[in-house]
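These are the residues of each chain, in order.
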Amino acid sequence: MVKSISGYTHHSGIYQQKNNFKVSTIPIFTKNDTFNHSVSFKAQYEKSDALRLINQAQGNNLAPDGKGWQCAFFKMSDDIGIKIPSPYNANPNPDHNGLNNIKEFYVLNKLQSINPELAPKPIDLIQQDNKNYLVIETVKGIHPHGGNFTPEQIDNLMEKAFQMDIHGIVNNDLQNGNIFLQKDNTVKFIDFGSSNILLNDGSYLSTDAAPLNYFDKYGFFHQNTNSPTENKFLATFYSETPLYDMKNNSENPYLKIKSNISNFEHRSLYDYMTSEKEEDPIKFFTNYLKSKAKNYHAKMETYLEGLNVSKETPEQYHAVKEAIDTEKLFQEIFENPDEKILKTELGKIQIKWLINSQDSYMKAPSAYKDFIKQTQKYLEASDFRHKEYFQNTINYLTDMINEIPHLKNGETKPLLDSENILKKLFKSATETALEEVKNSEIIKLKPRNKKIFYILGSITAAGTGVGSYMYNRKPVPKPPQIVIRA
């Protein structure tokens, strides 16, 4: 039995749009990788074409154009494709029936009503043989690992992340492959199958769709996510449901929301910063924080000030006021960041990335301890708003580490200097000088003279290091103890 729910009353009319697309012929690769087999589809969507492609794909007669953790993607034309359930064998929670496609269909419709440029347009959702197939607009552009962010694209990413945050839709998987950089200097996000959805009670619908039958729950979606944006958002200040997975949460301790920016930073930005794509990564990151101050934190501050919270609920009223002040703090700190701020933000992102990495998570505790020592020095040398910022960061990371007991009790490994983003990007003056000398014309000498030069350089570097150590030798405060909470 084939069932389509694209005509669901909540979304009525959205698919009646007619586009003057040309008919295209798409080469389809068989299991034998032969190139003599092709199927013609009308570029204007027709369900019969979609069913024909689904049947061929399910018969293993077609090679996908792309493959994700849960689904394979097949193009019908340059403008239309289908997500077909096809989870990897290694997936611990395989979604064989495509239940996440139902959630994504709903989320993409919500995103279209917020801003059509946030994500691809959903075209149809087809149920056949108890499986769910998502027909969707294709996105044109390149991924960050295939190109460079422009300043305008960073601004656009911040604005769109803010829009999704306040409407309660969090992608949860903003890694490089799910971000498209487009020719008009904008970005677009894809793959919302793992997204969280903010409900009217201030809690988030679970990422895990597999245990739920979303056709039975479809009415539940509309009953619980239809209220105005600010009512849902205000409910987060009243909700007693704890937020888990802190690395994806807002770093504002008074703002109990999940954040697309937090997810982007450790899922994509960290990899971008370590890819050596930017000639001047420090300058890039400085401008990134400035954009974050202007296009995210300033907008969030204005949005929070517009919430109609009652003074008759003093606890929530106080939380909103503190949340506003913290957004102001972030805006002030990031709009003109110095080296200490840059190092603190990069170090924090690195620890999140380590926690999220299956291969490197055991290095997170040692990176955390080094980070806390350094940040405490910054804290002691700062005053007023900078002191607030450093204390907030220490509290945030300490709570995050405490949330993951196996990082405290399990096996740990040191983070090597060659793996440390701070060591890579912020070299000491001595290291920089030696590197410049090594690359200069001076060392293009005979081997014997070169050896003598290196020995002298090493002695000079060692002397500089010792002098610096003796001058700065002060008692180092102990980092906060990691307390595993019950």
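Residues numbered from 1 in each chain as written. Predicted model: local features only at pLDDT ≥ 70, side-chain atom pairs only at ≥ 80, totals over all residues. Heavy atoms only, no water.

## Focus on the overall build of the protein
In step 1: Helix and strand counts for the protein come out as 15 helices and 13 strands.
In step 2: The buried share of the protein, reckoned over its 486 residues, is 47%.
In step 3: Across the protein, contacts joining residues at least 24 apart in sequence account for 69% of those joining residues at least 6 apart. (Helix = DSSP H or I, 4+ residues; strand = E, 2+ residues; numbered from the N terminus. Buried < 20%, exposed > 50% of the residue type's maximum accessible area, 1.4 Å probe, protein only. Contact = heavy atoms within 4.5 Å.)

## A look at unusual backbone geometry
In step 1: At D129, a position not held by glycine, the phi torsion is positive, near 55°.
In step 2: Counting through the fold element by element, D129 comes out in the loop between strand 7 (122-128) and strand 8 (131-137).
In step 3: Positioned with a positive phi, F384 is a non-glycine residue whose angle comes to about 50°.

## Some details on the nonpolar core
In step 1: Counting residues in hydrophobic clusters, the biggest one holds 90 residues, and the most contacted among them are F233, F237, M300 and L304.
In step 2: Ranked by residue count, the leading element in this core is helix 7 (residues 281-305), at nine residues.
In step 3: With residues up to four places along the chain from it excluded, the contact list for M300 reads F162, I166, F233, L255, I257 and E327.
In step 4: Of all hydrophobic cores here, the second largest spans 15 residues; its members include F74, I123, I126 and Y133. (Core = buried A, V, L, I, M, F, W, Y, C linked by side-chain atoms within 4.5 Å.)

## Topic: the sheet that holds strand 13 (residues 204-205)
In step 1: Taken in spatial order, the three strands make up an open sheet running 9-12-13, and their pairing is antiparallel. Whereas interior strands pair on both sides, the edge strands pair on one side only; in this sheet they are strand 9 (169-170) and strand 13.
In step 2: Here strand 9 pairs with strand 12 (residues 196-198) via two bridges, running antiparallel. Along strand 12, the bridge assignment pairs I169 with I197. (Pairing = 2+ DSSP bridges.)

## Some details on the pattern of salt bridges
In step 1: The tally for this structure, following the rule as stated, stands at 18 salt bridges.
In step 2: With a closest N to O distance of 2.4 Å, E251 and K348 form a salt bridge. With a gap of 97 residues between them, E251 in the loop between helix 5 (229-235) and helix 6 (260-273) and K348 in helix 9 (residues 339-356) connect regions that are remote in the sequence. Each member of the pair, E251 as well as K348, carries the same accessibility label: buried.
In step 3: Between K348 and E345 there is a salt bridge, with the nearest N and O atoms lying 2.8 Å from each other. With K348 and E345 both in helix 9 and three residues apart, this pair spans about one turn of that helix. Considered together, K348 and E345 belong to a single accessibility category, that of buried residues.
In step 4: Because the salt bridges share partners, they merge into one network encompassing E251, E345, K348 and K352. (Salt bridge = Lys/Arg side-chain N within 4 Å of Asp/Glu carboxyl O.)

## A word on helix 8 (residues 314-334)
In step 1: Between its terminal C-alpha atoms helix 8 stretches 30 Å, which fits the 30 Å expected from 21 residues at 1.5 Å a residue.
In step 2: On its buried side, helix 8 packs onto helix 7, helix 9 and helix 11 (384-402). (Expected span 1.5 Å × (residues − 1).)

## Here we look at the packing of helix 3 (residues 151-166) against helix 7
In step 1: At a minimum axis separation of 9 Å, helix 3 and helix 7 run at an interaxial angle of 30°. Handedness of the crossing formed by helix 3 with helix 7: right-handed. Across the interface between the two elements, I154, D155, M158, E159, A161, F162, D165 and I166 of helix 3 pack against F284, Y288, S291, K292, N295, Y296, K299, M300 and Y303 of helix 7.
In step 2: Its residues placed into classes, the contact of helix 3 with helix 7 shows ten nonpolar, two polar and five charged. (Axes fitted to C-alpha atoms, helices over the stretch in contact; angles between N-to-C directions. Left-handed = near helix turned anticlockwise from the far one by under 90°. Nonpolar A, V, L, I, M, F, W, Y, C, P; charged D, E, K, R; others polar.)

## Let's talk about the environment of E251
In step 1: Owing to a relative accessible area of 10%, E251 belongs among the buried residues under this scheme.
In step 2: Sequence spacing of E251 and I261 is ten residues, and the spatial spacing of their C-alpha atoms is 9.9 Å.
In step 3: Residues within four places of E251 in sequence aside, it is in contact with S262, E265, F330, K348, K352, N392 and Y396.

## Observations concerning the packing of aromatic side chains
In step 1: Per the counting criterion, the structure on display carries 14 aromatic pairs.
In step 2: Between F162 and Y296, the aromatic rings sit 6.1 Å apart at their centres with planes inclined by 90°, giving edge-to-face as the arrangement. Residue F162 is located in helix 3, and its partner Y296 is located in helix 7; the two are separated by 134 residues in the primary sequence. The same class applies to F162 as to Y296, namely buried.
In step 3: Their ring planes at 35° and their centres at 6.4 Å tell us that F264 and Y288 sit as a pair that is tilted. (Phe/Tyr/Trp six-rings, centres within 6.5 Å; stacked < 30°, edge-to-face > 60°.)

## Points about the confidence of the model for the protein
In step 1: Taken residue by residue, the protein gives an average pLDDT of 80. The fraction at 70 or more is 75%.
In step 2: Confidence drops under a pLDDT of 50 for residues 1-39, and excluding neighbours within four residues, the segment shows 83 contacts in the predicted structure.
In step 3: Low confidence marks residues 452-486, where pLDDT is under 50. Its contacts with residues over four positions away, or in another chain, come to 29 contacts. (pLDDT = per-residue confidence, 0-100.)

## Here we look at the side chain of T186
In step 1: As for its position among the elements, T186 is in the loop between strand 10 (179-181) and strand 11 (187-189).
In step 2: A relative accessible area of 16% means that T186 is categorised as buried.
In step 3: Among residues more than four places away in sequence, those in contact with T186 are Q153, N156, K160, F180 and L181.

## Here we look at the environment of K256
In step 1: For K256, the position within the fold is in the loop between helix 5 and helix 6.
In step 2: The spatial distance from the C-alpha of K256 to the C-alpha of Y238 is 9.6 Å, given a sequence separation of 18 residues.
In step 3: The contacts of K256, once residues within four sequence positions are left out, are Y204, T236, S239 and L243.
In step 4: A polar side-chain atom of K256 sits 2.4 Å from the main-chain carbonyl oxygen of S239. (Polar contact = N/O pair within 3.5 Å; in protein donor to acceptor, adjacent residues only side chain to side chain.)

## Here's the deal with helix 1 (residues 47-58)
In step 1: Over its twelve residues, helix 1 runs 16 Å from end to end, which matches the ideal 16 Å to within 8%, given 1.5 Å per residue.
In step 2: For helix 1, the set of buried residues is D49, A50, L53, I54, Q56 and A57. Projected down its long axis, helix 1 carries its buried residues within an arc of 165°, all on one side.
In step 3: Downstream of helix 1 by one or two residues, N60 has phi in the positive range, about 60°. (Arc of directions from axis to C-beta.)

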